[in-house]
Amino acid sequence: MAQAFDVVVIGAGPAGYISAIRAAQLGLATACVEEWRNPAGEPKLGGTCLNVGCIPSKALLESSEQYEHTLTGLGDHGVTVTGAKMDVAKMLARKEAVVTKMTKGIETLFRKNKIAWLKGHGRFVGRAGAGWQIEVGGGGASEVVEARAVVIATGSKARHLQGVPVDNEIVCDNVGALAFPAVPQRLGVIGAGVIGLELGSVWRRLGAQVTLLEALPSFLAAADESVAKEAWKLFTKKQGLDIRLGVKIGKVEATKKGVRVDYELDGKAEKLDCDRLVVSVGRVPNTDGLGAEAVGLKIDARGFVEVDDHCRSNLPNVYAIGDVVRGPMLAHKGEEEGVMVAELIAGQKAHVNLETIPWVIYTSPEIAWVGKTEQQLKSDGTPYRVGQFPFSINGRALGHGDTSGFVKMLAHQRTDEILGVHIINTHASELIAEAVVAMEFRAASEDIARIVHAHPSLSEVMHEAALAVDKRALNM
Ligand code: FAD
Ligand code: NAI
């Protein structure tokens, strides 16, 4: 007799494992199918985010930031350091320890919530009454389990370019770029998006000469233009990232010392020689081998599972969440969808508001935003007012010795409802939470302006930006 569950979740990344936990909390018999194995061949939970994404990249960002700060950021505080060195092997071991702690933590949560971890590749093979049959296989014996409801949370993988084979030694995607055994002297990056900027920053801080080749003519096109302009200035002029916009990548070939990238810029043929190359040109959903065709699951032209606002697919009791469906490819977006679908399966009402998903780029300074950019409001024809306030005159920022950036708030001209908040600052990832709460409660800029913010704190800049919407900033 096949094992039968109320819910089978396919994929144990942040979308899938959170969905499984919420389903189990609601009393549903839950299993989670996961095929991930680490380089030692051990099965692992946590998906891209924990194993080769958010968590390891933030560990390396922190280590490299500490190193650079030790070299250049302490003199003003009267601290002299000599002989500071970076031990790359130790940095990588720390990163792995952080990853292991997190992935083991999910194993504990699965045990605590009595979630069955089915190790292997999951795919639809047919119907089972009103539910579905899922085969768990790959590498040896396979079994078929039955599920009243299925949650597809199979995530995404790095998009590769035709003619640019990734070996994750010399030419790498995120997997290899998180594990260089030594600092490359010259690092090339194709794609100046989120991964390119974050991982480019890591290796630049450790001493690599980093060149990013970006196809688009504008920098950070998804961010607010004034933030992108400020970031461009800081990343290129101050930090020395060499970012070339509007390039067309040509041949990429191995050389004796590494790799050569031929590209075109302003109609001229150029070449970049580097020791290692990172290809970070976006990600593609994992729907291959899911058995979609066996059951008629609709997949769109770009490979995403088609879903409605509640993550329901075209099949009854089959949901899809996280990177494998439309919307931003962000861990927290997938997690909230995971909670929502578990609650829907349990018969509750639930929703996720995609309009208030925060974005963070963990460069230094960090960039964070929620809601609309000024250019979007302009093109939508929405009347708005802007309030902007710099960190350079904030007492806490001066005390930190890091005064770069600003908070920019956009509010509707008539209703004053906050439509977007954009931050560039070292602590932007934490500061954005206030804006997300405000927007979720449909607050006006005046609401933030009238709320007491602790002094001295960086959050006072949010307060002043809200006051500035009404042209009444107090400290400027
Ligand atoms: P995934 O995390 O990709 O997990 C999907 C899981 O499904 C995988 O474990 C996979 O093995 C498994 N799977 C796939 N198919 C099958 C199958 N048929 N059977 C069994 N198992 C299967 N996002 C942020 O919000 N913040 C960040 O700071 C951040 N940093 C990032 C840094 C990097 C370098 C990268 C690459 C990504 C980063 N992201 C970040 C994005 C984030 O990792 C993804 O949005 C998130 O992991 C998506 O979660 P998911 O559960 O949908 O998919
Ligand atoms: P991305 O979409 O952020 O950036 C890809 C960049 O590559 C774009 O600027 C694009 O114009 C450029 N590009 C595409 N094709 C190209 C080509 N042929 N030549 C040159 N440039 C080209 O994708 P990225 O950086 O790969 O990251 C994938 C996703 O992972 C992100 O979109 C995000 O959803 C997630 N992520 C989130 C992070 C965070 O939240 N802090 C960190 C890292 C990744």
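For the structure, see preceding data.
A brief look at the structure comes next. (Residues numbered from 1 in each chain as written. Chains lettered and ligands numbered in written order. Predicted model: local features only at pLDDT ≥ 70, side-chain atom pairs only at ≥ 80, totals over all residues. Heavy atoms only, no water.)

**Re the environment of V386**
- As for its placement among the helices and strands, V386 is situated in strand β20 (residues 384–390).
- Considered as a pair, V386 and A24 are 362 residues apart in the sequence and their alpha carbons are 45 Å apart. (Helix = DSSP H or I, 4+ residues; strand = E, 2+ residues; numbered from the N terminus.)

**Overview of the site of ligand 1**
- Taken together, 36 residues are adjacent to ligand 1, and E34, T48, K58, G122 and D323 come closest.
- Within the backbone of P14, a nitrogen or oxygen atom sits 3.3 Å from an oxygen atom of ligand 1.
- When contributions to the shell around ligand 1 are tallied by element, the ones reaching two or more residues are α1 (14–25), β2 (30–34), α2 (47–52), α3 (54–72), β4 (121–128) and α9 (331–345).
- Ranked by the residues each element gives to the shell around ligand 1, the list is headed by α2, at four residues.
- Its residues assigned to classes, the shell around ligand 1 shows 15 nonpolar, 16 polar and five charged. (Near = heavy atom within 4 Å. Polar contact = N/O pair within 3.5 Å; in protein donor to acceptor, adjacent residues only side chain to side chain. Nonpolar A, V, L, I, M, F, W, Y, C, P; charged D, E, K, R; others polar.)

**A closer look at the environment of D173**
- Its place among the elements puts D173 in the loop between β8 (171–172) and α5 (174–177).
- Its relative accessible area of 7% is what places D173 among the buried residues.
- Residues D173 and N317, 144 residues apart in the sequence, show an inter-C-alpha distance of 35 Å.
- Residue contacts for D173: discarding those within four places in its chain leaves A158, H160, V166, N168 and V279.
- In terms of polar contacts, D173 uses its side chain to reach the backbone amide nitrogen of V175, at 2.9 Å. (Buried < 20%, exposed > 50% of the residue type's maximum accessible area, 1.4 Å probe, protein only. Contact = heavy atoms within 4.5 Å.)

**Observations concerning the packing of α1 against α9**
- Running from N to C, α1 and α9 cross one another at 30 degrees; their axes reach a closest spacing of 7 Å. The pairing of α1 with α9 is recorded here as roughly parallel in orientation. Remark: the crossing between α1 and α9 carries right-handed chirality. Contact with α1, carried on its side by P14, A15, I18, S19, R22 and A23, involves A331, G334, E335, G338, V339, V341, A342 and E343 of α9 and no other residues of that element.
- Across the contact of α1 with α9, the residue classes tally to eight nonpolar, three polar and three charged. (Axes fitted to C-alpha atoms, helices over the stretch in contact; angles between N-to-C directions. Parallel < 35°, antiparallel > 145°, perpendicular 65-115°, else oblique. Left-handed = near helix turned anticlockwise from the far one by under 90°.)

**Overview of the sheet that holds β8**
- Across the sheet, which stays open at both edges, the five strands sit in the order β8-β15-β9-β10-β11 with parallel pairing between neighbours. Every other strand in the sheet has two partners, leaving β8 and β11 (242–244) as the edge strands with one partner each.
- Pairing geometry for strand β9 (residues 186–190) and strand β15 (residues 276–279), over four bridges, is parallel. Its bridge partner lying in β15, G188 is registered against L277.
- Its contacts with the sheet put helix α6 (residues 194–205) on β9, β10 (209–213) and β11, and the angle it makes with β10 is roughly 165 degrees. (Pairing = 2+ DSSP bridges.)

**Points about the site of ligand 2**
- In the vicinity of ligand 2, 23 residues are found, and the nearest of them are I195, E198, E214, M329 and V360.
- Within the backbone of I195, an N or O atom sits 2.8 Å from an oxygen atom of ligand 2.
- Note that an oxygen atom of ligand 2 is positioned 2.6 Å from one of the backbone N or O atoms of M329.
- When ligand 2 sits alone it has 840 Å² of accessible area, and the protein chains cover 77% of it.
- At three residues, α6 tops the list of elements feeding residues into the shell around ligand 2. (Areas by Shrake-Rupley, 256 points an atom, 1.4 Å probe, with all protein chains shown as cover.)

**Examining the packing of α1 against helix α4 (residues 88–112)**
- Put simply, α1 and α4 touch, their axes get as near as 10 Å, and they point 25 degrees apart. Here α1 is positioned roughly parallel relative to α4, judged by the angle of their axes. Of the two elements, α1 crosses α4, and the hand of that crossing is left-handed. On the side of α1, the interface is formed by Y17, A20 and I21, while α4 contributes I106, L109 and F110.
- Tallied by class, residues from the contact of α1 with α4 come to six nonpolar, no polar and no charged.

**A few points about the packing of aromatic side chains**
- Throughout the structure, instances matching the rule amount to five aromatic pairs.
- A centroid spacing of 5.0 Å and a plane angle of 45 degrees characterise the contact between F180 and W203, whose relative ring orientation is tilted. In this pair, F180 is assigned in the loop between α5 and β9 and W203 in helix α6, connecting sequence segments 23 residues apart. Each member of the pair F180 and W203 is classed as buried.
- Between F219 and W232, the aromatic rings sit 5.3 Å apart at their centres with planes inclined by 65 degrees, giving edge-to-face as the arrangement. Of this pair, F219 sits in the loop between β10 and α7 (225–238) while W232 sits in helix α7, placing them 13 residues apart in sequence.
- Residue classification places F219 among the buried residues on the basis of a relative accessible area of 8%.
- Take W232: its relative accessible area is 25%, and that puts it in the partly exposed class. (Phe/Tyr/Trp six-rings, centres within 6.5 Å; stacked < 30°, edge-to-face > 60°.)

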